[in-house]
Amino acid sequence: MSAPESRFVKACRAQPVDRTPVWFMRQAGRYMPEYRAVRKQYSLIEICKQPKIAAEVTITAAEILGVDAAIIFADLLLPLEVMGLPFHFSSGEGPVIEKPIRCEDDIARLRTDRASDLGYVAEAVRLVSKHFGNRLPVIGFCGAPFTLASYMIEGGGSRNYVHTKKMMYSSLKVWDELLRKLVAVTSAYAAEQVRAGADVIQIFDSWVGCLSVEDYRRYVLPRTTELVKKLQATGVPIIYFGTDTATLLPSIQEAGADVIGLDWRIPLDEGWSSLGNRKAVQGNLDPVLLFASWPELKSRAEDILRRASGHPGHIFNLGHGILPETPVENVKALAKFVQESGE
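The sections below set out a description of the structure shown in this document.

The rules behind these values
Residues numbered from 1 in each chain as written. Predicted model: local features only at pLDDT ≥ 70, side-chain atom pairs only at ≥ 80, totals over all residues. Heavy atoms only, no water. Helix = DSSP H or I, 4+ residues; strand = E, 2+ residues; numbered from the N terminus. Buried < 20%, exposed > 50% of the residue type's maximum accessible area, 1.4 Å probe, protein only. Contact = heavy atoms within 4.5 Å. Axes fitted to C-alpha atoms, helices over the stretch in contact; angles between N-to-C directions. Parallel < 35°, antiparallel > 145°, perpendicular 65-115°, else oblique. Left-handed = near helix turned anticlockwise from the far one by under 90°. Nonpolar A, V, L, I, M, F, W, Y, C, P; charged D, E, K, R; others polar. Phe/Tyr/Trp six-rings, centres within 6.5 Å; stacked < 30°, edge-to-face > 60°. Lys NZ or Arg CZ within 6 Å of the ring centre and 35° of its normal. Pairing = 2+ DSSP bridges. Right-handed = clockwise from strand over helix to strand, strands pointing away. Expected span 1.5 Å × (residues − 1). Bend = angle between axes of the 7 residues up to and from the residue. Core = buried A, V, L, I, M, F, W, Y, C linked by side-chain atoms within 4.5 Å. Polar contact = N/O pair within 3.5 Å; in protein donor to acceptor, adjacent residues only side chain to side chain.

**Here's the deal with the environment of Asn-134**
Logical step 1: Take Asn-134: it is sitting in the loop between helix H7 (119-132) and strand S4 (138-143).
Logical step 2: Overall, the relative accessible area of 63% leaves Asn-134 in the exposed class.
Logical step 3: Taking C-alpha positions, Asn-134 is 7.8 Å from Pro-4, a pair spaced 130 residues apart along the chain.
Logical step 4: Non-local contacts of Asn-134, meaning those with residues more than four positions away in its chain, are made with Ser-2 and Ala-3.

So, in structure tokens, the structure goes:
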């Protein structure tokens, strides 16, 4: 860990801090001119695979916004490549898995022995950690088993997750083997980020909100819990984040993460209450509010801070990532407002 005494890391552990820490998911992205300039020279994957550039993008965003943590620039799907599942980005459509997995034989062919090939992400973490020292904590991350499995099976984005749920419902053994392999690779990958200097790991379960409580508990919770425990063994706090998860929060808590991310669909105090107020929470402004007028944006941010009531363990963030075309000045003003509100 580079900055174990930072207010962000302390908040992750639900310890008292002098003010609410703030950072933003996808804080390095297309809304920022500096990032767009880099993208004119390199593809997203090229940035990820060149540690100096990934570190530069990470550092630039954190410094421009003045936030309390820097999240490493990487892509959720990088582990798929080392498992033997190539993917590419299609213009306007996002990631495309070239040969989606649909059967037991496909899963049997997936490799779990090449996580070290993702070392370029850890090297980027090392460079960012060296740059900031103890001034700013670094967040590493990985995808959750369900979300990565869904990408692998669906072949890209999905509305109904038909192929994913079909595999879940038709063969629990096959489904569980896929998740087992994903946990093996992602836990090794994220642990290497910690060894490189990451202070916190965030697990992204972006698609898990498509599940009922029963399905989450039966098909997803056991392996997600396994991943959380493996990562907690590294000694850093773990954040678990999913979208559209209001109904799943009590079950999500059972996975054991130190911090639960809340999206904007549930008021922050209600979400925290559903967790028994026992965990730290992160969130939860609707990212579209960053397009609103400053009075409206400020009012909504004030409401979230009021609902947190100064209780230890609140990290201010959005309920999902910053969107393209978001006004940079609004993001900077929001970060400054949250920081000054606690002074």
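**Topic: the packing of helix H10 (residues 172-195) against helix H11 (residues 213-232)**
Logical step 1: Orientation of H10 relative to H11, taken along the N-to-C sense of each, is 20°, at an axis distance of 10 Å. Between H10 and H11, the angle is such that the two are roughly parallel. When the axes of H10 and H11 are compared, the crossing they make is right-handed. Counting all contacts with H10, which are made through Leu-172, Trp-175, Asp-176, Leu-179, Arg-180, Val-183, Thr-186, Ser-187, Ala-190 and Ala-191, the residues of H11 involved are Arg-218, Tyr-219, Arg-223, Glu-226, Leu-227, Lys-230 and Leu-231.
Logical step 2: Considering only residue class, the contact of H10 with H11 consists of 9 nonpolar, 2 polar and 6 charged.

**What about unusual backbone geometry?**
Logical step 1: The omega angle of the peptide bond from Gly-283 to Asn-284 is -5°, so this bond is cis rather than trans.
Logical step 2: On the secondary structure map, Asn-284 appears in strand S8 (residues 280-285).
Logical step 3: Even without being a glycine, Asn-277 presents a positive backbone phi close to 55°.
Logical step 4: Mapping Asn-277 onto the fold places it in the loop between helix H13 (268-274) and S8.
Logical step 5: Within the chain, Ser-309 stands out as a residue other than glycine whose phi angle is a positive 55°.
Logical step 6: By relative accessible area, Ser-309 is classed as partly exposed at 47%.

**With respect to the packing of aromatic side chains**
Logical step 1: This model, assessed by the stated rule, comprises 9 aromatic pairs.
Logical step 2: Seen from their ring centres, Phe-141 and Phe-204 are 5.4 Å apart, and the 80° between their planes marks the pair as edge-to-face. Of this pair, Phe-141 sits in strand S4 while Phe-204 sits in strand S5 (residues 200-205); the two residues are 63 residues apart in sequence, bridging distant segments of the chain. For the pair Phe-141 and Phe-204, one class covers both residues: buried.
Logical step 3: Connected via pairs of aromatic rings, a cluster forms that spans Phe-141, Phe-204 and Phe-241.
Logical step 4: Residue placement shows Arg-265 over the ring face of Trp-264; its charged tip is 4.2 Å from the ring centre.

**Section: the pairing of S8**
Logical step 1: Of all 6 residues in S8, 6 are buried, a share of seventy percent or more.
Logical step 2: Pairing of strand S7 (residues 259-261) with S8 involves 3 bridges; the strand directions are parallel. Bridge pairing in S8 links Gly-261 to Gln-282.
Logical step 3: Handedness of the crossover joining S7 and S8 through H13 is recorded here as right-handed.
Logical step 4: Relative to strand S9 (residues 314-318), S8 runs parallel, the two sharing 5 bridges. Among the inter-strand pairings, Leu-285 is bridged to a residue of S9, identified as Leu-318.
Logical step 5: What joins S8 to S9 is helix H14 (residues 294-308), and the crossover it makes is right-handed.

**Details of the sheet that holds strand S6 (residues 238-242)**
Logical step 1: The 7 strands lie next to each other as S1-S4-S5-S6-S7-S8-S9, forming an open sheet whose pairing is parallel. Of all the strands in the sheet, just strand S1 (70-71) and S9 have a single pairing partner and so form its edges.

**Things to note about H11**
Logical step 1: Its 20 residues place the ends of H11 only 24 Å apart at the C-alpha level, less than the 28 Å of an ideal helix rising 1.5 Å per residue.
Logical step 2: Maximal helix bending in H11 amounts to about 55°, located at Val-220; proline Pro-222 follows within four positions.
Logical step 3: Taken together, the buried positions of H11 are Asp-215, Tyr-216, Tyr-219, Val-220, Leu-221, Arg-223, Thr-224, Thr-225, Leu-227, Val-228 and Leu-231.

**Focus on the nonpolar core**
Within soluble globular proteins, side chains that are nonpolar generally end up buried alongside one another.
Logical step 1: Counting 131 residues, the largest nonpolar core has Phe-8, Phe-24, Leu-178 and Leu-334 as the members making the most contacts within it.
Logical step 2: Among the elements that make up this core, the one with the highest residue count is H10 (10 residues).
Logical step 3: Excluding residues that lie within four positions of it along the chain, Leu-178 makes contacts with Ile-101, Ile-107, Leu-110, Ala-149, Met-152, Ile-153 and Met-167.

**Some words on the environment of Gln-339**
Logical step 1: Its place among the elements puts Gln-339 in helix H15 (residues 328-341).
Logical step 2: Remark: the alpha-carbon pair of Gln-339 and Cys-103, spanning 236 residues in sequence, is separated by 50 Å.
Logical step 3: Ignoring sequence-local partners within four residues, the contact set of Gln-339 consists of Arg-19, Val-22, Gly-66, Val-67 and Asp-68.
Logical step 4: A polar contact of 3.4 Å, which involves the side chain of Gln-339, links it to the side chain of Asp-68.

**Focus on the side chain of Asp-68**
Logical step 1: Turning to its location among the elements, Asp-68 is positioned in the loop between helix H4 (51-65) and S1.
Logical step 2: Side-chain polar atoms of Asp-68 contact the side chain of Arg-19, separated by 2.8 Å.
Logical step 3: If we ignore the near neighbours within four places in the chain, the residues touching Asp-68 are Arg-7, Phe-8, Arg-19, Thr-20, Pro-21, Val-22, Leu-136, Pro-137 and Gln-339.

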